[in-house]
Amino acid sequence: MRTRLLKAAFILCAAAGAAAVRAAIPTYGVEVIHTYPHDPTAYTEGLFYLDGYLYESTGLEQHSSIRKVKLETGAVLQKLDIPPQYFGEGIVNWNRRLISLTWKSHIGFIFDLATFKRQRQFRYDGEGWALTQDGKQILMSDGTPQIRFINPQTLKETGRITVTLDGKPVRNVNELEWVKGEIYANVWQTDWILRIDPHDGRVVGLINLAGLLRPSDRIPGQTDVLNGIAYDAKGDRLFVTGKNWPKLFEIRLRRVGDAEPGSR
């Protein structure tokens, strides 16, 4: 399991630091629009929405999978188990293909999006954490402050940006989603999502999801951290969940100071 903790560059829970950050960067709470069921055994690593369905990847050796899920019920309509030696990570769709990462194996897989039939595999340096795409290229996180840009045809790296908050690099950038020209990113082991400028990596907004999942919904020893962002561009709907969470939430952002986050 990952053991690195966040460094001082992203200690948002400290009162003085959080106040200083909020003064400089817009901070958002959320209003919950709808709550959907989510498989509490799914250790969510990657998530995206496409044509009315969620596609989800789960992690842990011997338990990793890729799933097609019915949003409204949480029912798993299609499932592919990843070979047991791999720790499944992020996924993304591209041109009727589904591309997936593994954590430390330096190996990714390409599947047919409709059938989940494996087509081939590819290699990359470093760890694999998350994937998204902007319609032109694929974006990849690796747990460092850097986000890689990947050619979707060759799957070769074409460039990088460094994610910075107030000029300082942010580590543990995890699950990614492309939303209205920005990169949204979970920060592993926190309740925060970053809004990132894709041109230079600057954090231009902070989304606070602390308390989203109620204590009564948590199972001791099972429910893990926030992770998983999906965006329905046609419906302008934003979804979030977490590792082994029993719920998935459709949320709307509310800027702190402009409007208070709604209650569930």
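Definitions and cut-offs
Residues numbered from 1 in each chain as written. Predicted model: local features only at pLDDT ≥ 70, side-chain atom pairs only at ≥ 80, totals over all residues. Heavy atoms only, no water. Helix = DSSP H or I, 4+ residues; strand = E, 2+ residues; numbered from the N terminus. Buried < 20%, exposed > 50% of the residue type's maximum accessible area, 1.4 Å probe, protein only. Contact = heavy atoms within 4.5 Å. Areas by Shrake-Rupley, 256 points an atom, 1.4 Å probe, with all protein chains shown as cover. Core = buried A, V, L, I, M, F, W, Y, C linked by side-chain atoms within 4.5 Å. Lys, Arg positive; Asp, Glu negative; His and termini not counted. Salt bridge = Lys/Arg side-chain N within 4 Å of Asp/Glu carboxyl O. Polar contact = N/O pair within 3.5 Å; in protein donor to acceptor, adjacent residues only side chain to side chain. Pairing = 2+ DSSP bridges. Axes fitted to C-alpha atoms, helices over the stretch in contact; angles between N-to-C directions.

*Asks:* So what about the overall build of the chain? Which residues, and what values?
*Replies:* In terms of helices and strands, the chain carries 1 helix and 22 strands. Counting the 264 residues in the chain, one finds 52% classified as buried. Across the chain, contacts joining residues at least 24 apart in sequence account for 52% of those joining residues at least 6 apart. As presented, the chain carries roughly 11800 Å² of accessible surface, and 50% of it is formed by carbon and sulfur atoms.

*Asks:* Kindly report on the nonpolar core, identifying the contributing residues and their values.
*Replies:* Core analysis: the largest hydrophobic core is formed by 19 residues, its most contacted members being I147, V163, L176 and L194. Elements that contribute at least two residues to this core include exactly strand 12 (146–150), strand 16 (173–179), strand 17 (182–187), strand 18 (192–196) and strand 19 (203–208). If sequence neighbours within four positions are ignored, L176 has contacts with A130, L131, T132, L139, M140, S141, I147, I183, Y184, A185 and I229. V30, V179, I207 and L213 belong to the second-largest nonpolar core, a separate cluster that totals 18 residues.

*Asks:* Give a detailed account of the side chain of E175, specifying residues and quantitative values.
*Replies:* By the element assignment, E175 lies in strand 16. Notably, E175 is buried but unbridged: the nearest opposite-charge side chain belongs to K243, and the N-O separation is 8.8 Å. Side-chain polar atoms of E175 contact the backbone nitrogen of L47, separated by 3.2 Å. Apart from the residues within four sequence positions on either side, E175 is in contact with E45, G46, L47, A130, Y184, A185, N186, N227, G228 and I229.

*Asks:* Hey, could you go over the sheet that holds strand 10 (residues 130–133) for me, with residue numbers and the actual values?
*Replies:* What the 4 strands build is an open sheet, ordered 10-11-12-13; its pairing is antiparallel. Each edge of the open sheet carries a strand with a single partner, namely strand 10 and strand 13 (157–162). Looking at each pair of strands side by side, their axes are set apart by 25° on average, direction ignored. Note: strand 12 against strand 13, 5 bridges, orientation antiparallel. Bridge pairing links R148 to R160 in strand 13.

*Asks:* Run through the sheet that holds strand 22 (residues 247–255), naming residues and quoting values.
*Replies:* Strand pairing within a sheet occurs via backbone hydrogen bonds; the two strands may be parallel or antiparallel. Taken together, 8 strands build an open sheet; the order of strands is 16-17-18-19-1-22-21-20 and the sheet is mixed. In this open sheet, the two edge strands, each paired with only one partner strand, are strand 16 and strand 20 (226–232). Strand-to-strand twist across the sheet, computed as the mean angle between neighbouring axes with direction ignored, equals 35°. Two strands pair when backbone bridges link them, and strand 21 (residues 237–242) and strand 22 are joined in this way by 3 bridges, in the antiparallel orientation. Paired with F239 across the two strands is E250, which belongs to strand 22.

That is the geometry; function is a separate question.
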